[in-house]
Structure formats: C-alpha cells, structure tokens
Amino acid sequence: MSFSFRSASLARVGLAAGLVALSSLPLVAQETAPAPQVAAPAAAAVDPNAIVATINGENVTEADITLAEQDLGQQFGNLPPEQRRAAALSSIIEIRLMAAQAVEKGLDKDADFQRRVAFLDQRALHGELVEKEVAGKITDDEIRARYDKEIAAQKPVNEVHARHILVKTKEEADAIIKKLEGGEDFQKLANENTTDPSGKTSGGDLGFFGPGQMVPEFEKAALALEVGAYSKEPVHTQFGWHIIKVEDKRTQQPPAFETVKDQVRSLLIREKYIELVKQVRGAGKVEITDPALKKAIDAIDASK
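Let me sum up the structure you'll find in this document. (Residues numbered from 1 in each chain as written. Predicted model: local features only at pLDDT ≥ 70, side-chain atom pairs only at ≥ 80, totals over all residues. Heavy atoms only, no water.)

## Points about the environment of aspartate 140
Right, on to step 1. Residue placement: aspartate 140 occurs in helix 6 (residues 140-153).
Right, on to step 2. Overall, the relative accessible area of 48% leaves aspartate 140 in the partly exposed class.
Right, on to step 3. For the pair formed by aspartate 140 and lysine 261, sequence separation is 121 residues and the distance between their alpha carbons is 8.8 Å.
Right, on to step 4. A polar side-chain atom of aspartate 140 sits 3.3 Å from a polar atom in the side chain of lysine 261. (Helix = DSSP H or I, 4+ residues; strand = E, 2+ residues; numbered from the N terminus. Buried < 20%, exposed > 50% of the residue type's maximum accessible area, 1.4 Å probe, protein only. Polar contact = N/O pair within 3.5 Å; in protein donor to acceptor, adjacent residues only side chain to side chain.)

## Side note on the sheet that holds strand 4 (residues 205-209)
Right, on to step 1. Spatial ordering of the open sheet is given by 4-3-6-5, a layout of 4 strands whose pairing is antiparallel. Edge strands, defined here as strands with exactly one partner in the open sheet, are strand 4 and strand 5 (235-237). For this sheet, the mean inter-axis angle between neighbouring strands, taken without regard to orientation, is 40°.
Right, on to step 2. Pairing analysis gives 3 bridges linking strand 3 (residues 158-167) to strand 4, with the strands arranged antiparallel. Bridge assignment links arginine 163 to a residue of strand 4, and that residue is aspartate 205.
Right, on to step 3. Against the sheet, helix 8 (residues 186-193) touches strand 3 and strand 6 (240-251), its axis set at about 50° to strand 3. (Pairing = 2+ DSSP bridges. Axes fitted to C-alpha atoms, helices over the stretch in contact; angles between N-to-C directions. Contact = heavy atoms within 4.5 Å.)

## Points about the pairing of strand 2 (residues 58-61)
Right, on to step 1. Looking at chain direction, strand 1 (residues 51-55) and strand 2 are connected through 4 bridges and run antiparallel. Within the sheet, the bridge partner assigned to isoleucine 55 lies in strand 2 and is glutamate 58.
Right, on to step 2. Where strand 1 folds back on strand 2, the antiparallel hairpin that results is connected by 2 residues, among which asparagine 56 adopts a positive phi of roughly 50°.

## A short note on the pairing of strand 6
Right, on to step 1. By the bridge criterion, 10 bridges tie strand 3 to strand 6 in an arrangement that is antiparallel. Within the sheet, the bridge partner assigned to histidine 161 lies in strand 6 and is aspartate 248.
Right, on to step 2. One ladder, built from 3 bridges, connects strand 5 with strand 6; its direction is antiparallel. Across the sheet, residue histidine 236 finds its bridge partner in strand 6, namely tryptophan 241.
Right, on to step 3. As consecutive antiparallel partners, strand 5 and strand 6 are separated by 2 residues.

## Description of a nonpolar patch on the surface
Right, on to step 1. A contiguous nonpolar patch, built from Val286, Ile288 and Leu293 and spanning about 270 Å² of accessible area, is present on the exposed surface.
Right, on to step 2. Locating valine 286 in the fold gives a position in the loop between helix 10 (257-283) and helix 11 (291-303). (Patch = residues over 30% accessible without salt bridge, like charges linked within 9 Å, V, L, I, M, F, W, Y side chains within 5 Å. Areas by Shrake-Rupley, 256 points an atom, 1.4 Å probe, with all protein chains shown as cover. Salt bridge = Lys/Arg side-chain N within 4 Å of Asp/Glu carboxyl O.)

Okay, structure coming up:
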C-alpha cells in the first residue's frame, strides 16, 4: 500500500579548514585500499591532568582535549579517535592564541562582549545545575517504575492484520467480490488487480495496524470484520474502492522497556526540571517593569 494511504500517526567558525585537512587523506586511502579489520587493543586509562602541549607557556591537558571534543562534537563526529584528538588540539591552539590577541586589543573590555560572557557563564551554570540536580539523580529504577506506571494506565488497544484490493471504481470492486464468492484466492486477485503499488507482490498485505493508523472508513470496516472474512460490499475512501480481508486480530503489545527507556528518562527530566524551575522562581524575587512583557510572561506561566 502506498504510504499516503495511512493517515498521520503517531559559532563555531574558523575551525573547519583544519578539520577538512585532517579528514581528507584517510578518506581517499579508504576508497583505494581498505585496511584489514584488526581488533583494537583495550584503551588505557587516561590521566585528565596529563599535559599534552603548551601554548605560550600555558598547559593543555587531556581534560582540555576531552572538553574540546565534547563541545565541538558535531564537527569531529565522523573522524577516527586519533584524528579527533588532533582536531581538538588544533582548535584549542587557534582559540587560545586568537583569544590572547583579542585581549591584547582590548576586546574583552567591550560592553556587549562582557554581557555575552555573563550570559554564557550563567547558561553554563544553569546546565550544570540541571545535570547535577535533575538528570544526574534519575536512576534506572525510577525510569522503570515510570514505564510500568504508564503501561499499566494504558487501555488495551486492538490491532487488525488485513489485506486489501484497491481499485478505481465500484464496478471493478463488485466484480472482484463475485470472483471471491466463486472461490478465487484473495491474494492472487490482489496481485492481479490492486492499484496499490505495495500490494501487487504481497497479496495486498497491510500487516497489523491499530486505531488512527488508517483513514476512518477503512479502519471502521476492517475492525468490524471477523477473522477470515472479507468485505461483501466495497469500502469507499479518498483513494478509491477497497475489498478488505481480515487475517488476524490481537491486542497491541506495549513497546519494550529498552526501546523507550530514553524517552521515559526525557519525560522525567522535563517534569523534574519544571518542578525545579517553580521552586527557584518561587524563592527568587522577579520584577518585570515592562507591562507588555509582564503580560506575556504571566500568560506563559499560566499555561504551565
């Protein structure tokens, strides 16, 4: 069946040149002569305080490399580990030398720059508080308990395994129903007659689907049929005329814990974050002097 038949369901700048230079040669080598697969040795423990370089007398440590890799991760994501480390160090060298030059020129005294630094500092502290007091305190047991609670609260949902034959006119559909009544095979007729591209080689198989996954007219007709039965009257939808056969019915199984664990964790983080925001805002003293802004903030707070 064509996909459209189903209803809707459920500044980093200046560092790229070095990154390209580091990544281009290995890519060419891989295309011409792939390296044999050799098991990598176990990685040795790294001392975060180990010095890997100095820049104008200031140390660069393994911890600095790790931080740069994390902060610039999108740029380094496709590089092998050793190239990623080299790219991180190259970035640190550029950043520190250019930052030192900026200080020499007095750019650190600019009012806009100082505001930006203050904001970034506060945002980093905000993130650190959320990581330590919210995300970092959520346990696997807590995630599992919330998963079990959500699953227990769900009402059973029935699913249907169906096939269909889609044609353009009611007359064509009526003719196919007569052939079915005469004992002809549904799958064979589907392969020969359906206009649904995905059904021409699968006997019109749609697999299992539940409420809301098909257009309403089709869903209603399929759910009403018994297992093994086909529609005695064609079903009309925006796609044409359908003859539907139900192969099986079952109760929809909930998603496995491991497949939704990260989603449940994100849900808990969001809820606990909102609780923390309410707590700190309740304890803080906030005065909004702009009337329009105050009205907008009050509306946002009321919607939470």
